[in-house]
Amino acid sequence: MNRRKFDEVIIDPHFEVKHAKSMNDKIILTLVQHLDGRELEPSGIDADGFEYFATEPMYFEGKPYRLVWLVDPEDTYIGIVNCFRRTKK
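Everything quoted here is computed from the prediction, not taken from an experiment.

The next thing to look at is the environment of Tyr-59. Among the secondary structure elements, Tyr-59 is positioned in strand 3 (residues 51-60). Sequence separation between Tyr-59 and Ile-80 is 21 residues, and the spatial gap between their C-alpha atoms is 16 Å. Once you skip the residues sitting within four places of it in the chain, Tyr-59 turns out to touch Leu-31, His-34 and Pro-64.

Laid out in structure tokens, this is it:
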């Protein structure tokens, strides 16, 4: 993603609170793989240098999802903040 390579994905368990019925680690990791080769602008950068992104729609088995994630300042990992199904519009 953005010509950067990441070897680690850290998934915050936040998605399990409200989205456990329609979301799991397998879906999240598949969606993260879809970031490969994409050029994306962060929606924000915090004071510590973390870049935040919200990507949608992303599809898994024909269903749309929203992926909210960050990249740490040293580009060592992608952190999944949240991920959930979107309703089709």
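Now, onward.
On to the packing of aromatic side chains, then. Under the defined criterion, the tally for this structure stands at one aromatic pair. On the numbers, 4.2 Å between centres and 10 degrees between planes, the contact of Phe-53 with Trp-69 is stacked. Of the two residues, Phe-53 is situated in strand 3 and Trp-69 in strand 4 (residues 63-71); the sequence distance between them amounts to 16 residues. For Trp-69, a relative accessible area of 0% puts it in the buried group.

Looking now at the pairing of strand 3. Two elements, strand 2 (residues 44-45) and strand 3, share two bridges in a ladder whose sense is antiparallel. When the sheet's bridge partners are listed, Gly-44 is paired in strand 3 with Tyr-52. The hairpin turn running from strand 2 into strand 3, its antiparallel successor, is five residues long, and Gly-49 in that turn takes a positive phi close to 95 degrees. Inspection of the sheet shows strand 3 paired to strand 4 by eight bridges, in the antiparallel sense. Paired with Tyr-59 across the strands is Pro-64, a residue of strand 4. Between the end of strand 3 and the start of strand 4, which pair antiparallel, lie two residues, with Glu-61 showing a positive phi angle near 50 degrees.

Going through the model one piece at a time under the given rule, you end up with five salt bridges. The salt bridge involving Arg-4 is made with Glu-51; its shortest N-O contact spans 3.2 Å. Within this pair, whereas Arg-4 is found in the segment before strand 1 (9-11), its partner Glu-51 is found in strand 3, the two being separated by 47 residues in sequence. For Glu-56, the salt bridge identified is with Arg-66, shortest N-O distance 2.5 Å. One end of the pair, Glu-56, is in strand 3; the other, Arg-66, is in strand 4, and 10 residues separate them in sequence.

For the bond from Glu-56 to Pro-57, the omega torsion is -10 degrees, close enough to zero to count as cis. Mapped onto the secondary structure, Pro-57 falls in strand 3. Positive phi outside glycine occurs at Arg-3, with the angle close to 60 degrees. Summarising the element assignment, Arg-3 is placed in the segment before strand 1.

Calculation rules
- Residues numbered from 1 in each chain as written.
- Predicted model: local features only at pLDDT ≥ 70, side-chain atom pairs only at ≥ 80, totals over all residues.
- Heavy atoms only, no water.
- Helix = DSSP H or I, 4+ residues; strand = E, 2+ residues; numbered from the N terminus.
- Contact = heavy atoms within 4.5 Å.
- Phe/Tyr/Trp six-rings, centres within 6.5 Å; stacked < 30°, edge-to-face > 60°.
- Buried < 20%, exposed > 50% of the residue type's maximum accessible area, 1.4 Å probe, protein only.
- Pairing = 2+ DSSP bridges.
- Salt bridge = Lys/Arg side-chain N within 4 Å of Asp/Glu carboxyl O.

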